[in-house]
Amino acid sequence: MTTAFSSPAAPPSEAAQRDQRVFRVLLRALSYPGRVVLLPALPSAPAPLCPALAGLLLGLLDLEAGLWLTPALDCPPIRSFLTYRAAVQFVATPREAVLAVVDDPAGLPPLDAFHPGEPACPERSTTVLLRVPALAGGPAVALRGPGIEATATVAPRVPYGFWDQWARNHARYPLGIDIIMTDGVGLVGLPRSVGRE
Amino acid sequence: MIPNDDEVAGGYNFAYLDEQTKRMVRRAILKAVCIPGHQVPFGSREMPLPAGWGTGGLQVTASVIGPDDVLKVIDQGTDAATNAVSIRAFFRRVAGLATTERTREASLIQTRHRIPETPLTEEQILVLQVPQPEPLRQLVPRGAAARRLHAFADYGVMYVKLYEDIARFGRVTLAYDYPVLVNGRYLASPSPIPRFDNPKLDNSRALSLFGAGRERRLYAIPPYTRVASLDFGDHPFEVQRWSVGCALCGSRASYLDEIGSGGPGARMFVCSDTDYCEERREASAPARRAAGGGRP
Ligand SMILES: [Zn+2]
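Residues numbered from 1 in each chain as written. Chains lettered and ligands numbered in written order. Predicted model: local features only at pLDDT ≥ 70, side-chain atom pairs only at ≥ 80, totals over all residues. Heavy atoms only, no water.

## Some points on the environment of Gln89(A)
Residue and element names in this part refer to chain A.
Moving on, step 1. Inspection of the secondary structure assignment puts Gln89 in the loop between helix H3 (76-85) and strand S3 (99-102).
Moving on, step 2. The exposure class of Gln89 is partly exposed, given its relative accessible area of 38%.
Moving on, step 3. Spatially, the C-alpha atom of Gln89 lies 20 Å from that of Ile180, the residues being 91 residues apart in sequence.
Moving on, step 4. If we ignore the near neighbours within four places in the chain, the residues touching Gln89 are Leu63, Ala65, Gly66 and Leu67. (Helix = DSSP H or I, 4+ residues; strand = E, 2+ residues; numbered from the N terminus. Buried < 20%, exposed > 50% of the residue type's maximum accessible area, 1.4 Å probe, protein only. Contact = heavy atoms within 4.5 Å.)

## Thoughts on the coordination of the zinc ion
Residues and elements named next belong to chain B.
Moving on, step 1. Ligation of the zinc ion by protein atoms is provided by Cys246 (SG), Cys249 (SG), Cys271 (SG) and Cys277 (SG), these donors lying 2.2 to 2.3 Å from the ion.
Moving on, step 2. Around the zinc ion sit four donor atoms; with metal-centred angles ranging over 105 to 117°, the donor geometry is tetrahedral.
Moving on, step 3. Summarised as a motif, the one-chain spacing of the donors to the zinc ion is C-x2-C-x21-C-x5-C. Taken together, the residues Cys246 in the loop between strand S10 (227-229) and strand S11 (256-260) and Cys271 in strand S12 (residues 267-271) connect sequence positions 25 residues apart. Per residue, the accessibility class of Cys246 equals that of Cys271, and both read buried. (Donors = N, O, S within 2.8 Å, 3.2 Å for Na, K, Ca; no water. Tetrahedral: all angles 85-135°; square planar, octahedral: opposite > 155°, others 65-115°.)

## A look at the nonpolar core
Moving on, step 1. Leu82(A) and Ile29(B) are the most contacted members of the largest nonpolar core, which has 84 residues in total.
Moving on, step 2. Other than its neighbours up to four places away in sequence, Leu82(A) contacts Leu49(A), Leu57(A), Leu58(A), Leu61(A), Leu67(A), Leu69(A), Val88(A) and Phe90(A). (Core = buried A, V, L, I, M, F, W, Y, C linked by side-chain atoms within 4.5 Å.)

## Things to note about the confidence of the model for chain B
One rule of thumb: low pLDDT means the predicted coordinates there are not for detailed reading.
All names here are of chain B.
Moving on, step 1. Residue-level pLDDT values for chain B average 87, and 86% of them are 70 or greater.
Moving on, step 2. In the predicted structure, residues 1-12 sits below a pLDDT of 50 and forms 29 contacts with residues beyond four places in sequence or in another chain.
Moving on, step 3. When the criterion is pLDDT under 50, residues 291-296 qualifies, and its contacts beyond four places in sequence or with other chains add up to eight contacts.
Moving on, step 4. Note on the complex model: pTM 0.92, ipTM 0.95. (pLDDT = per-residue confidence, 0-100.)

## As for the sheet that holds strand S8 (residues 152-154) of chain A
In a beta sheet, neighbouring strands pair by backbone hydrogen bonds and run either parallel or antiparallel.
Residues and elements named next belong to chain A.
Moving on, step 1. Spatial ordering of the open sheet is given by S8-S7-S11, a layout of three strands whose pairing is antiparallel. The open sheet has two edge strands with one neighbour each: S8 and strand S11 (195-196).
Moving on, step 2. As judged from the three bridges shared by strand S7 (residues 141-144) and S8, these two strands associate in the antiparallel manner. Counterpart to Leu143 in the pairing with S8 is Ala152. (Pairing = 2+ DSSP bridges.)

## Let's talk about the pattern of salt bridges
Moving on, step 1. Under the counting rule described, the total for this entry stands at 27 salt bridges over all chains.
Moving on, step 2. With its nearest N and O atoms 3.4 Å apart, the salt bridge here joins Arg23(B) to Asp19(A). Separated into two different chains, Arg23(B) in helix H2 (residues 19-34) and Asp19(A) in helix H1 (residues 14-31) make up a pair that spans both. Each member of the pair, Arg23(B) as well as Asp19(A), is classed as buried.
Moving on, step 3. Notably, a salt bridge pairs Asp178(A) with Lys31(B), separated by 2.8 Å at the nearest N-O pair. (Salt bridge = Lys/Arg side-chain N within 4 Å of Asp/Glu carboxyl O.)

## Brief notes about the packing of aromatic side chains
Moving on, step 1. Inspection of the entire model under this criterion finds twelve aromatic pairs over all chains.
Moving on, step 2. Seen in terms of ring centroids, Phe162(A) and Trp166(A) are 6.5 Å apart; in terms of plane orientation they differ by 15°. Their pairing is stacked. Separated by four residues within a single helix, Phe162(A) and Trp166(A) lie in helix H4 (residues 162-171), roughly one turn from each other.
Moving on, step 3. Accessibility expressed as a relative area gives 2% for Phe162(A), which makes it buried.
Moving on, step 4. Both rings, one in Tyr178(B) and one in Phe237(B), keep their centres 4.8 Å apart while their planes meet at 65°; by these two values the pair is edge-to-face. With Tyr178(B) in the loop between helix H6 (156-169) and strand S6 (180-182) and Phe237(B) in the loop between S10 and S11, the pair connects residues that are 59 residues apart, well separated along the chain.
Moving on, step 5. By the ring-pair criterion, three or more aromatic residues cluster together here, those being Phe162(A), Trp163(A) and Trp166(A).
Moving on, step 6. Over the ring of Phe90(A) we find Arg79(A); its NZ or CZ atom is 4.2 Å from the centre of that ring.
Moving on, step 7. Directly above the aromatic system of Tyr186(B) lies the positively charged group of Arg185(B), at a separation of 4.3 Å from the ring centroid. (Phe/Tyr/Trp six-rings, centres within 6.5 Å; stacked < 30°, edge-to-face > 60°. Lys NZ or Arg CZ within 6 Å of the ring centre and 35° of its normal.)

## Some words on the domain arrangement of chain B
Residue and element names in this part refer to chain B.
Moving on, step 1. What the domain assignment reports for chain B is domain 1 (19-133 + 199-223) and domain 2 (241-296).
Moving on, step 2. The interface of domain 1 with domain 2 comprises 13 residues on the first partner and twelve residues on the second.
Moving on, step 3. Carbon and sulfur atoms make up 29% of the area that domain 1 and domain 2 hide from each other, which totals about 1,000 Å².
Moving on, step 4. When the area that domain 1 buries against domain 2 is broken down by residue, the three leading residues are Arg102, Arg114 and Glu117, summing to 53%.
Moving on, step 5. Where domain 1 touches domain 2, the interface holds three salt bridges.
Moving on, step 6. A salt bridge links Arg102 to Glu282, with the shortest nitrogen-to-oxygen separation between them at 2.9 Å.
Moving on, step 7. On inspection of domain 1 and its partner domain 2, the count reaches six residue pairs in polar contact (both at pLDDT 80 or more).
Moving on, step 8. Of the residues assigned to the side of domain 1 that touches domain 2, the class counts are one nonpolar, five polar and seven charged. (Domains from an automatic or database assignment. Buried area = accessible area lost by both parts, 1.4 Å probe. Polar contact = N/O pair within 3.5 Å; in protein donor to acceptor, adjacent residues only side chain to side chain. Nonpolar A, V, L, I, M, F, W, Y, C, P; charged D, E, K, R; others polar.)

## Regarding a nonpolar patch on the surface
Moving on, step 1. Together, Val36(A), Leu38(A) and Val185(A) give the surface a local cluster of nonpolar side chains, amounting to about 290 Å² of exposed area.
Moving on, step 2. Along the chain, Val185(A) falls in the loop between strand S9 (178-182) and strand S10 (186-190). (Patch = residues over 30% accessible without salt bridge, like charges linked within 9 Å, V, L, I, M, F, W, Y side chains within 5 Å. Areas by Shrake-Rupley, 256 points an atom, 1.4 Å probe, with all protein chains shown as cover.)

## Re the packing of H1(A) against helix H2 (residues 51-60) of chain A
All names here are of chain A.
Moving on, step 1. Interaxial distance between H1 and H2 falls to 9 Å at its minimum, and their mutual angle equals 100°. One element, H1, and the other, H2, form an angle in the roughly perpendicular class. On the side of H1, the interface is formed by Asp19, Val22 and Leu26, while H2 contributes Gly55, Leu56, Leu58, Gly59 and Leu60.
Moving on, step 2. Residues that form the contact of H1 with H2 fall into these classes: five nonpolar, two polar and one charged. (Axes fitted to C-alpha atoms, helices over the stretch in contact; angles between N-to-C directions. Parallel < 35°, antiparallel > 145°, perpendicular 65-115°, else oblique.)

Shown next, in the form of structure tokens:
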């Protein structure tokens, strides 16, 4: 495949339309951090991978995006599900991951276990897709930074200590990781540029 | 490579860019939004497009746009420029997209040389075509050296250059592509927009995406992000001003182009943003529009 543009117009496939919609949700969530943005309807995936995480992943994966799955998700049915639908390169550690998927905040490695990027290439950092039990009802935190008009208050159900780790991640800016949280229905974007007030 | 649904279906190509490339561009866009003003490299594919189309902007637009979007394309401030007309026709044809000339009706605006006068909203995305994404290029010819300066936020060389201008001419003479500091961290090129447009990037409600095709870099200015045009305490940044208003709509708040008109020696200035100008004229003459004087 050498040319990126090919000829005649044909309607986009269902998968392509879905990828585009999911991308726009992601783009909006990271552009307006702290706001809950709703996902489109997504097809099912083998348990314990939820449709939301599966949809996000399939929209972003290719061979250049090393994928790390949290041990709870790293099983043959999920590997073959992803391998059948996308070009995937699995990596063994969070440090090597371009994309990391964690289905439970209790299983989230320390944030500094992921790749923070390099001074000249901060974009070479890990994007973490994190499933949380709920996007509300956890400890409330006021965020400030690009994409936020004044402050944005979020309260996802994350373990005690998460926000201290996040403060350290933000303090490394422009290095650092970016997190997308989902409760299965909506997304909240947490780019490294955003810090606790 | 493992076939995915799309390739099995025979390589359809909504918006003319294959899904694999879109994925790559999309990942780069998401990173760019997380690091405002930082140039993110993307892909390495040849884009067989007619020269002058601004492949960077097109690739960004093609990766972002979907069936629900309404696209507006501006070239030199006008929707009627040849480039703008062909890009709009292109997306209508290959993607069946709705297009508009109205800033207010558009969800995605691809532009070069101008940012619309009508303030953008949270429901809009601005895509700017950028020929040269590196603001330090004139000063630091080697890309690796420029990247090192960005890594350390070491922008003294740019301040020196601007200050030399002030020493020689009493002011910074840059009329276009006036460098900005994004989110207090990255020096960025606002693209070849007049410096009149720079303040529109500051704390905009809309996301702005910048695509440079030849250099294969893209960068972003998220909404509600501080965008400061470089200046000095004793020489604050100023935008262009005119002593007259638009000859067509009377606006004194818009960027004006000089056009030849009237007798010899007569100088006339009109809005460069044709949609803004027409909207103002229609607002002041509603009867004429109702009678069929509007646009097709
Ligand atoms: Zn006017």
